[in-house]
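Residue-level structural notes
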Amino acid sequence: TEENTAAEGFVCAINGVIPPLSSLSSNSTALGQNAGISTRHRVSEEEEDKNGENVGGKGGGGGSKKVGDKASWIDLYLPKKARPYAHLARLDKPIGTWLLAWPCMWSITLASSPGNLPNIKMLMLFGCGALLLRGAGCTINDLLDQDIDKQVERTKLRPVASGALTPFKGICFLGFQLLLGLGILLQLNNYSRILGASSLLLVFSYPLMKRLTFWPQAYLGLTFNWGALLGWAAVKGNLDPAVVLPLYLSGVFWTLVYDTIYAHQDKEDDLKVGWPYYVFLAVASGQLAWQIAMVDLSSRADCNRK
């Protein structure tokens, strides 16, 4: 009919003036690519961020998270420039600080006068000191192990290994942590200052033990439990070997157990790096298990032998 003919003519005229939507989409994509502009939809980028695709790289704050891991409070609340330093000090993983602080707290409590509570000021000072020293130890570890960390799945996104922080910035941050730690150490008596400063030899040398011995966990035990000596000295001004040595040595063996378990998560990567020390760690675990299973706690002679 005449009406249908007129409608078809109108549609053809419109099509001649306005190109199809598919043509517009392809043209806009081409224009964007020629101009160097990303044409990817913003929603997809946000979804990738939520899924952890863009986390941990040089521009992602320098986390030690794996792809897909849930973001820590560091990535949610701290300024972007502060995130690599917070990750370097492992502020989002407080278990290391607690493991360092507990021997200090035990020792301070044992040094307290009978019937009295532990010195609250000392507990707070040693708590802050544990946080700082643990962070400094992690910084030293990451600086010395940066080449190895790149080859291990669990550690390849640490700030220094991933490039989020340069080694120079890591050294500057280490100096800042040690300076704050010195401020805490100066609050103690002279005996404790010397004893506390001597622990830095253990802190600085521990990362090297992984290259020199198959027993780095034992050396870590010597380092992490130094507070068992220092806590008593801070209260008493001296050391009582009958009290502090059993506490210190028991802490060393305790560390040997939990860090041996912790080390097993990297055994596949250890083989790639050329460190098959997990076999020797398994032997250490077996030794401890044998002692616990076979010891006769009611026999002095057997306890001495074990």
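In the nomenclature of an unreviewed UniProt entry, the protein corresponds to 4-hydroxybenzoate polyprenyltransferase, mitochondrial from the organism Escallonia herrerae. Under Subcellular location (unreviewed entry), UniProt gives the following word-for-word description of the protein: "Membrane".

Regarding its fold elements, the protein presents 17 helices and zero strands. Within the protein, residue pairs in contact and separated by at least 24 positions form 62% of the contacts whose partners lie at least 6 positions apart.

Here we come to the UniProt feature "transmembrane region" (unreviewed entry) in the protein. Mapped onto this structure's residue numbering, the UniProt feature "transmembrane region" (unreviewed entry) falls at residues 164-186, 215-235, 242-263 and 275-297. Annotation note: span residues 164-186, helix share 83%, strand share 0%, distance between end C-alpha atoms 33 Å. The span residues 242-263 is 100% helical and 0% strand by assignment, and the distance between its end C-alpha atoms comes to 32 Å.

Next up on the list: the packing of aromatic side chains. Taken as a whole and assessed by the stated rule, the structure comprises six aromatic pairs. Centre to centre, the rings of Trp106 and Trp254 are 5.6 Å apart; their planes meet at 50°, and the pair counts as tilted. With Trp106 in helix H6 (residues 95-111) and Trp254 in helix H14 (residues 241-263), this residue pair connects regions lying 148 residues apart in the sequence. Given the relative accessible area of 34%, Trp106 is considered partly exposed. Ring geometry for Trp254 and Tyr258: centres 5.1 Å apart, planes at 80°, overall edge-to-face. A residue pair is termed a helical-turn pair when its members lie 3 or 4 positions apart in one helix, as Trp254 and Tyr258 do in helix H14 at four residues. Taken together, the ring pairs connect Trp98, Trp102, Trp106, Trp254 and Tyr258 into an aromatic cluster. Taking NZ or CZ as reference, Lys236 lies 5.7 Å from the ring centre of Trp232, over its face.

What follows deals with the environment of Ala89. Here Ala89 lies in the loop between helix H5 (83-88) and H6. Since its relative accessible area comes to 6%, Ala89 is described here as buried. Considered as a pair, Ala89 and Pro159 are 70 residues apart in the sequence and their alpha carbons are 10.0 Å apart. What Ala89 contacts, discounting residues up to four positions off in sequence, is Arg134, Gly135, Phe173 and Gln177.

Moving on, we get to the environment of Leu220. Here Leu220 is to be found in helix H12 (residues 216-224). For Leu220, a relative accessible area of 8% corresponds to the buried category. Considering only alpha carbons, one finds Leu220 and Leu256, 36 residues apart in sequence, at a separation of 7.8 Å. Once residues within four sequence positions are removed from consideration, Leu220 is found in contact with Tyr206, Thr255 and Asp259.

A cluster of nonpolar residues, Trp73, Leu76, Tyr77, Leu91 and Leu131, forms a patch on the protein surface that exposes about 550 Å² of accessible area. When residues of the nonpolar patch are assigned to their parent elements, the largest contribution, three residues, is made by helix H4 (residues 73-77). Counting through the fold element by element, Tyr77 comes out in helix H4.

A separate point is helix H10 (residues 167-185). Under the 1.5 Å per step criterion, the end-to-end length of H10 is 26 Å for 19 residues, consistent within 8% with the ideal 27 Å. Listed as buried for H10 are Gly170, Phe173, Leu174, Gln177, Ile184 and Leu185. The arc that holds the buried residues of H10, viewed along the axis, is 125°, so those residues lie on one side. Set apart from the buried face of H10 by more than 90 degrees, the exposed residues are Phe168 and Leu179. Buried-residue contacts for H10 involve H5, helix H7 (120-144) and helix H11 (190-212).

This part covers the pattern of salt bridges. Counted by the stated rule, this structure contains five salt bridges. As a salt-bridge pair, Arg90 and Asp142 come within 2.9 Å of each other at their nearest N and O atoms. Of the two residues, Arg90 is situated in the loop between H5 and H6 and Asp142 in helix H7; the sequence distance between them amounts to 52 residues. The pair Arg90 / Asp142 is uniform in exposure class, with both members buried.

Moving on, we get to the packing of H10 against H11. It is at 10 Å that the axes of H10 and H11 come closest, and there the two elements cross at 155°. Considered as vectors, H10 and H11 are oriented roughly antiparallel to each other. As for the relative orientation of H10 and H11, their crossing is right-handed in sense. Where H10 abuts H11, its residues Leu174, Leu178 and Leu185 lie against Ser192, Arg193, Gly196, Ala197, Leu200 and Phe204. Tallied by class, the residues present in the contact of H10 with H11 amount to six nonpolar, two polar and one charged.

Criteria and cut-off values
Residues numbered from 1 in each chain as written. Predicted model: local features only at pLDDT ≥ 70, side-chain atom pairs only at ≥ 80, totals over all residues. Heavy atoms only, no water. UniProt positions renumbered as here; feature names shortened; annotations may be inferred. Helix = DSSP H or I, 4+ residues; strand = E, 2+ residues; numbered from the N terminus. Contact = heavy atoms within 4.5 Å. Phe/Tyr/Trp six-rings, centres within 6.5 Å; stacked < 30°, edge-to-face > 60°. Buried < 20%, exposed > 50% of the residue type's maximum accessible area, 1.4 Å probe, protein only. Lys NZ or Arg CZ within 6 Å of the ring centre and 35° of its normal. Patch = residues over 30% accessible without salt bridge, like charges linked within 9 Å, V, L, I, M, F, W, Y side chains within 5 Å. Areas by Shrake-Rupley, 256 points an atom, 1.4 Å probe, with all protein chains shown as cover. Salt bridge = Lys/Arg side-chain N within 4 Å of Asp/Glu carboxyl O. Expected span 1.5 Å × (residues − 1). Arc of directions from axis to C-beta. Axes fitted to C-alpha atoms, helices over the stretch in contact; angles between N-to-C directions. Parallel < 35°, antiparallel > 145°, perpendicular 65-115°, else oblique. Left-handed = near helix turned anticlockwise from the far one by under 90°. Nonpolar A, V, L, I, M, F, W, Y, C, P; charged D, E, K, R; others polar.

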